[in-house]
Amino acid sequence: MASDKQKLKEIISLDSELNKLQDVDVLLERILTEARKVTGADAGSIYIRRGDELVINYAQNDTMQAKLPPGEKLIYKVFTVPVSKKSISGYAAATGEPVNIKDVYKIPDEAPYGFDPTYDRVSGYTSRSMIAIPLRTNIGDILGVIQLINKKGPSGRATSFNKDDELMLMHFATNATVALQRAQMTRAILLRMISMAELRDPKETGQHVNRVAGYAVEIYERWAREKDHQ
(Lines give C-alpha, C1' and ligand atoms only; values in the text may rest on other atoms or scores of the structure.)
Protein backbone atom coordinates (compact mmCIF):
# COMPACT_ATOMS: atom_id res chain seq x y z
CA MET A 1 0.00 0.00 0.00
CA ALA A 2 1.11 3.57 -0.67
CA SER A 3 2.66 5.48 2.22
CA ASP A 4 1.07 8.63 3.61
CA LYS A 5 3.85 10.71 2.03
CA GLN A 6 3.26 9.09 -1.35
CA LYS A 7 -0.49 9.64 -1.07
CA LEU A 8 0.08 13.32 -0.28
CA LYS A 9 2.31 13.72 -3.35
CA GLU A 10 -0.34 12.04 -5.51
CA ILE A 11 -3.06 14.35 -4.18
CA ILE A 12 -0.99 17.49 -4.79
CA SER A 13 -0.21 16.33 -8.33
CA LEU A 14 -3.87 15.44 -8.89
CA ASP A 15 -5.05 18.89 -7.75
CA SER A 16 -3.01 20.49 -10.51
CA GLU A 17 -4.48 18.07 -13.04
CA LEU A 18 -8.07 18.58 -11.88
CA ASN A 19 -7.74 22.34 -12.20
CA LYS A 20 -7.20 21.87 -15.94
CA LEU A 21 -10.51 20.03 -16.44
CA GLN A 22 -13.33 22.35 -17.47
CA ASP A 23 -16.21 19.91 -17.97
CA VAL A 24 -17.96 19.52 -14.61
CA ASP A 25 -19.32 16.02 -15.29
CA VAL A 26 -15.88 14.72 -16.27
CA LEU A 27 -14.34 16.48 -13.27
CA LEU A 28 -16.76 15.03 -10.71
CA GLU A 29 -16.40 11.52 -12.12
CA ARG A 30 -12.63 11.90 -11.88
CA ILE A 31 -12.85 13.19 -8.30
CA LEU A 32 -14.93 10.15 -7.31
CA THR A 33 -12.48 7.78 -9.02
CA GLU A 34 -9.43 9.30 -7.35
CA ALA A 35 -11.11 9.58 -3.93
CA ARG A 36 -11.84 5.86 -4.03
CA LYS A 37 -8.31 5.11 -5.21
CA VAL A 38 -6.62 7.10 -2.44
CA THR A 39 -8.83 5.70 0.34
CA GLY A 40 -9.04 2.17 -1.05
CA ALA A 41 -12.86 2.25 -1.39
CA ASP A 42 -14.55 -0.44 -3.47
CA ALA A 43 -17.52 1.76 -4.37
CA GLY A 44 -18.76 5.31 -4.08
CA SER A 45 -21.18 7.95 -5.29
CA ILE A 46 -21.73 11.68 -5.46
CA TYR A 47 -25.14 13.09 -4.61
CA ILE A 48 -26.19 16.53 -5.86
CA ARG A 49 -28.70 18.53 -3.83
CA ARG A 50 -31.92 19.53 -5.58
CA GLY A 51 -34.07 21.43 -3.11
CA ASP A 52 -34.92 19.11 -0.23
CA GLU A 53 -33.59 15.99 -1.97
CA LEU A 54 -30.26 14.42 -2.88
CA VAL A 55 -30.01 13.03 -6.42
CA ILE A 56 -27.37 10.42 -7.15
CA ASN A 57 -25.44 11.69 -10.18
CA TYR A 58 -22.25 9.64 -10.18
CA ALA A 59 -21.78 6.09 -8.94
CA GLN A 60 -18.99 3.52 -9.20
CA ASN A 61 -18.59 -0.02 -7.89
CA ASP A 62 -15.51 -2.12 -8.72
CA THR A 63 -17.01 -5.41 -7.48
CA MET A 64 -20.18 -5.05 -9.55
CA GLN A 65 -18.24 -3.72 -12.56
CA ALA A 66 -16.02 -6.82 -12.56
CA LYS A 67 -19.09 -8.99 -13.14
CA LEU A 68 -19.89 -7.28 -16.45
CA PRO A 69 -18.46 -8.18 -19.88
CA PRO A 70 -15.46 -6.05 -20.96
CA GLY A 71 -16.46 -2.62 -22.23
CA GLU A 72 -19.85 -2.51 -20.52
CA LYS A 73 -20.66 -0.01 -17.78
CA LEU A 74 -22.92 -0.23 -14.78
CA ILE A 75 -26.32 1.37 -15.24
CA TYR A 76 -27.65 3.01 -12.11
CA LYS A 77 -31.28 3.87 -11.71
CA VAL A 78 -31.66 7.53 -10.79
CA PHE A 79 -33.12 7.84 -7.33
CA THR A 80 -33.46 10.50 -4.68
CA VAL A 81 -32.82 10.62 -0.95
CA PRO A 82 -34.54 13.19 1.29
CA VAL A 83 -32.30 15.70 3.03
CA SER A 84 -33.12 14.45 6.51
CA LYS A 85 -31.40 12.78 9.44
CA LYS A 86 -32.98 9.38 8.72
CA SER A 87 -30.47 8.18 6.11
CA ILE A 88 -26.67 8.29 6.14
CA SER A 89 -26.22 10.64 3.17
CA GLY A 90 -29.30 12.61 4.18
CA TYR A 91 -27.87 13.12 7.67
CA ALA A 92 -24.57 14.43 6.26
CA ALA A 93 -26.50 16.90 4.09
CA ALA A 94 -28.96 17.94 6.83
CA THR A 95 -26.33 18.52 9.52
CA GLY A 96 -23.26 19.41 7.45
CA GLU A 97 -21.31 16.83 9.45
CA PRO A 98 -19.33 13.80 8.19
CA VAL A 99 -20.64 10.31 8.96
CA ASN A 100 -18.16 7.43 9.31
CA ILE A 101 -19.64 3.98 9.96
CA LYS A 102 -17.68 0.77 10.53
CA ASP A 103 -20.56 -1.57 9.63
CA VAL A 104 -23.89 -0.29 8.28
CA TYR A 105 -25.59 -3.49 9.43
CA LYS A 106 -24.57 -2.79 13.03
CA ILE A 107 -25.70 0.81 13.42
CA PRO A 108 -26.83 1.33 17.06
CA ASP A 109 -30.58 1.66 17.60
CA GLU A 110 -30.08 5.06 19.22
CA ALA A 111 -28.41 6.50 16.08
CA PRO A 112 -30.60 9.08 14.30
CA TYR A 113 -29.90 7.53 10.89
CA GLY A 114 -30.30 4.04 9.51
CA PHE A 115 -29.26 1.95 6.51
CA ASP A 116 -31.64 0.80 3.77
CA PRO A 117 -30.47 -2.66 2.55
CA THR A 118 -32.74 -2.67 -0.52
CA TYR A 119 -29.91 -2.10 -3.02
CA ASP A 120 -27.80 -4.84 -1.40
CA ARG A 121 -30.68 -7.33 -1.69
CA VAL A 122 -31.42 -6.46 -5.32
CA SER A 123 -27.80 -6.37 -6.53
CA GLY A 124 -26.26 -9.07 -4.36
CA TYR A 125 -23.69 -6.57 -3.13
CA THR A 126 -22.87 -6.32 0.58
CA SER A 127 -22.19 -2.87 2.01
CA ARG A 128 -20.19 -2.73 5.24
CA SER A 129 -18.05 0.32 5.98
CA MET A 130 -19.36 3.66 4.74
CA ILE A 131 -18.31 7.30 4.96
CA ALA A 132 -20.30 10.34 3.84
CA ILE A 133 -18.90 13.87 3.59
CA PRO A 134 -21.09 16.92 2.83
CA LEU A 135 -20.16 19.23 -0.04
CA ARG A 136 -20.23 22.47 1.93
CA THR A 137 -19.48 25.93 0.51
CA ASN A 138 -17.50 28.53 2.43
CA ILE A 139 -20.75 30.20 3.48
CA GLY A 140 -22.26 26.96 4.79
CA ASP A 141 -24.52 25.95 1.89
CA ILE A 142 -24.72 22.20 1.25
CA LEU A 143 -24.49 21.34 -2.46
CA GLY A 144 -24.45 17.58 -2.08
CA VAL A 145 -22.65 14.62 -0.51
CA ILE A 146 -19.74 12.39 -1.53
CA GLN A 147 -20.04 8.87 -0.14
CA LEU A 148 -17.61 5.93 -0.23
CA ILE A 149 -18.36 2.29 0.57
CA ASN A 150 -16.25 -0.68 1.69
CA LYS A 151 -12.64 0.30 2.25
CA LYS A 152 -10.55 -2.67 1.12
CA GLY A 153 -8.19 -4.12 3.71
CA PRO A 154 -4.94 -6.06 2.98
CA SER A 155 -6.93 -9.29 2.54
CA GLY A 156 -9.44 -7.66 0.22
CA ARG A 157 -12.16 -7.76 2.86
CA ALA A 158 -14.03 -4.61 3.85
CA THR A 159 -12.52 -2.69 6.75
CA SER A 160 -13.37 0.63 8.38
CA PHE A 161 -12.38 4.07 7.09
CA ASN A 162 -9.98 5.83 9.45
CA LYS A 163 -9.42 9.50 10.32
CA ASP A 164 -6.83 9.91 7.57
CA ASP A 165 -9.36 8.62 5.03
CA GLU A 166 -11.88 11.10 6.39
CA LEU A 167 -9.45 14.01 5.99
CA MET A 168 -8.52 13.00 2.46
CA LEU A 169 -12.16 12.62 1.47
CA MET A 170 -12.88 16.08 2.87
CA HIS A 171 -10.15 17.39 0.55
CA PHE A 172 -11.83 15.77 -2.46
CA ALA A 173 -15.20 17.09 -1.27
CA THR A 174 -13.75 20.61 -1.36
CA ASN A 175 -12.71 20.11 -4.99
CA ALA A 176 -16.16 18.76 -5.86
CA THR A 177 -17.82 21.74 -4.15
CA VAL A 178 -15.74 24.22 -6.15
CA ALA A 179 -16.64 22.39 -9.37
CA LEU A 180 -20.36 22.50 -8.55
CA GLN A 181 -20.20 26.18 -7.65
CA ARG A 182 -18.52 26.89 -10.97
CA ALA A 183 -21.19 24.92 -12.83
CA GLN A 184 -24.01 26.71 -11.03
CA MET A 185 -22.47 30.09 -11.77
CA THR A 186 -22.05 29.23 -15.45
CA ARG A 187 -25.63 27.98 -15.64
CA ALA A 188 -26.93 31.15 -13.98
CA ILE A 189 -25.03 33.33 -16.48
CA LEU A 190 -26.35 31.34 -19.45
CA LEU A 191 -29.94 31.49 -18.20
CA ARG A 192 -29.62 35.24 -17.70
CA MET A 193 -28.29 35.68 -21.24
CA ILE A 194 -31.13 33.59 -22.65
CA SER A 195 -33.69 35.60 -20.69
CA MET A 196 -32.23 38.85 -22.03
CA ALA A 197 -32.37 37.50 -25.58
CA GLU A 198 -36.01 36.46 -25.15
CA LEU A 199 -36.89 39.95 -23.95
CA ARG A 200 -35.48 41.40 -27.17
CA ASP A 201 -37.36 39.05 -29.50
CA PRO A 202 -39.56 36.51 -27.69
CA LYS A 203 -40.80 34.92 -30.94
CA GLU A 204 -37.52 33.72 -32.36
CA THR A 205 -34.30 34.99 -30.75
CA GLY A 206 -34.80 33.15 -27.46
CA GLN A 207 -35.58 29.85 -29.21
CA HIS A 208 -32.53 30.29 -31.43
CA VAL A 209 -30.29 30.92 -28.41
CA ASN A 210 -31.65 27.77 -26.73
CA ARG A 211 -30.90 25.69 -29.84
CA VAL A 212 -27.40 27.08 -30.23
CA ALA A 213 -26.72 26.62 -26.49
CA GLY A 214 -27.86 23.00 -26.69
CA TYR A 215 -25.59 22.27 -29.64
CA ALA A 216 -22.67 24.07 -27.99
CA VAL A 217 -23.02 22.11 -24.73
CA GLU A 218 -23.23 18.78 -26.59
CA ILE A 219 -20.15 19.54 -28.72
CA TYR A 220 -18.16 20.80 -25.72
CA GLU A 221 -19.01 17.84 -23.47
CA ARG A 222 -17.98 15.37 -26.17
CA TRP A 223 -14.71 17.23 -26.74
CA ALA A 224 -14.01 17.41 -22.99
CA ARG A 225 -14.57 13.68 -22.46
CA GLU A 226 -12.35 12.73 -25.42
CA LYS A 227 -9.61 15.12 -24.24
CA ASP A 228 -9.76 13.71 -20.69
CA HIS A 229 -9.27 10.14 -21.97
CA GLN A 230 -6.30 10.94 -24.18
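Refer to the preceding data block for the structure.
What comes next is a walk through the structure. (Residues numbered from 1 in each chain as written. Predicted model: local features only at pLDDT ≥ 70, side-chain atom pairs only at ≥ 80, totals over all residues. Heavy atoms only, no water.)

Some remarks on the overall build of the protein
Part 1: Helices and strands together make up the secondary structure of the protein, namely seven helices and seven strands.
Part 2: Residue burial in the protein is summarised as follows: out of 230 residues, 38% are buried.
Part 3: When the accessible area of the protein is evaluated, it comes to approximately 14200 Å², of which 55% is carbon and sulfur surface. (Helix = DSSP H or I, 4+ residues; strand = E, 2+ residues; numbered from the N terminus. Buried < 20%, exposed > 50% of the residue type's maximum accessible area, 1.4 Å probe, protein only. Areas by Shrake-Rupley, 256 points an atom, 1.4 Å probe, with all protein chains shown as cover.)

Considerations on the pattern of salt bridges
Part 1: Tallying each qualifying case throughout the model produces seven salt bridges.
Part 2: One salt bridge in this structure joins Asp-62 and Lys-152, with 4.0 Å as the shortest N-O distance. Placement of the pair is Asp-62 in helix α3 (residues 62–65) and Lys-152 in strand β6 (residues 142–152), with a sequence separation of 90 residues.
Part 3: Relative accessible area serves as the criterion here: at 35%, Asp-62 is assigned to the partly exposed category.
Part 4: Taking relative accessible area as the criterion, Lys-152 reaches 37% and is therefore assigned partly exposed. (Salt bridge = Lys/Arg side-chain N within 4 Å of Asp/Glu carboxyl O.)

Digging into the nonpolar core
Part 1: Counting 25 residues, the largest nonpolar core has Leu-28, Ile-31, Ile-46, Leu-135, Ile-146, Leu-148 and Leu-169 as its most contacted members.
Part 2: At the level of elements, α2 (24–39), β1 (41–50), β5 (130–136), β6 and α6 (163–200) are the ones that each hand at least two residues to this core.
Part 3: If near-sequence neighbours (up to four positions away) are discounted, Leu-148 is found in contact with Leu-32, Ala-35, Arg-36, Thr-39, Ala-41, Ala-43, Gly-44, Ser-129, Met-130, Ile-131, Phe-161 and Leu-169.
Part 4: With 23 residues, the next largest nonpolar core counts Val-81, Ile-88, Val-99 and Ile-149 among its residues. (Core = buried A, V, L, I, M, F, W, Y, C linked by side-chain atoms within 4.5 Å. Contact = heavy atoms within 4.5 Å.)

What to know about helix α4 (residues 88–95)
Given 3.6 residues per helical turn, the α-helix brings residues three or four places apart onto the same face.
Part 1: Of all eight residues making up α4, six are buried, and the element is well covered by its neighbours.
Part 2: Every buried residue of α4 is accounted for by Ile-88, Ser-89, Gly-90, Tyr-91, Ala-92 and Ala-93.
Part 3: Elements that come into contact with the buried residues of α4 comprise β1, β2 (53–61), β3 (80–82), β4 (99–101), β5 and β6.
Part 4: Where α4 begins, one side-chain oxygen reaches toward the backbone nitrogen of Gly-90, 3.0 Å away; that side chain belongs to Ser-87.
Part 5: A positive phi of about 75° marks Gly-96, the residue just after α4. (Polar contact = N/O pair within 3.5 Å; in protein donor to acceptor, adjacent residues only side chain to side chain.)

Quick notes on the packing of aromatic side chains
Part 1: By the definition in use, this model includes two aromatic pairs.
Part 2: Ring geometry for Tyr-91 and Tyr-113: centres 5.1 Å apart, planes at 70°, overall edge-to-face. Here Tyr-91 is found in helix α4, whereas its partner Tyr-113 is found in the loop between β4 and α5 (118–123), with 22 residues between them in sequence. An identical accessibility class is assigned to Tyr-91 and Tyr-113; each is buried.
Part 3: Geometrically, the ring pair formed by Tyr-105 and Phe-115 is edge-to-face, given 5.3 Å between the ring centres and 70° between the ring planes. A residue pair is termed long-range when its members are at least 10 positions apart, and Tyr-105 in the loop between β4 and α5 and Phe-115 in the loop between β4 and α5 qualify at ten residues.
Part 4: Among the residues examined, Tyr-105 registers a relative accessible area of 39% and is labelled partly exposed. (Phe/Tyr/Trp six-rings, centres within 6.5 Å; stacked < 30°, edge-to-face > 60°.)

Concerning the side chain of Asp-103
Part 1: Along the chain, the position of Asp-103 falls in the loop between β4 and α5.
Part 2: Within polar-contact distance, the side chain of Asp-103 engages the backbone nitrogen of Tyr-105 at 2.9 Å.

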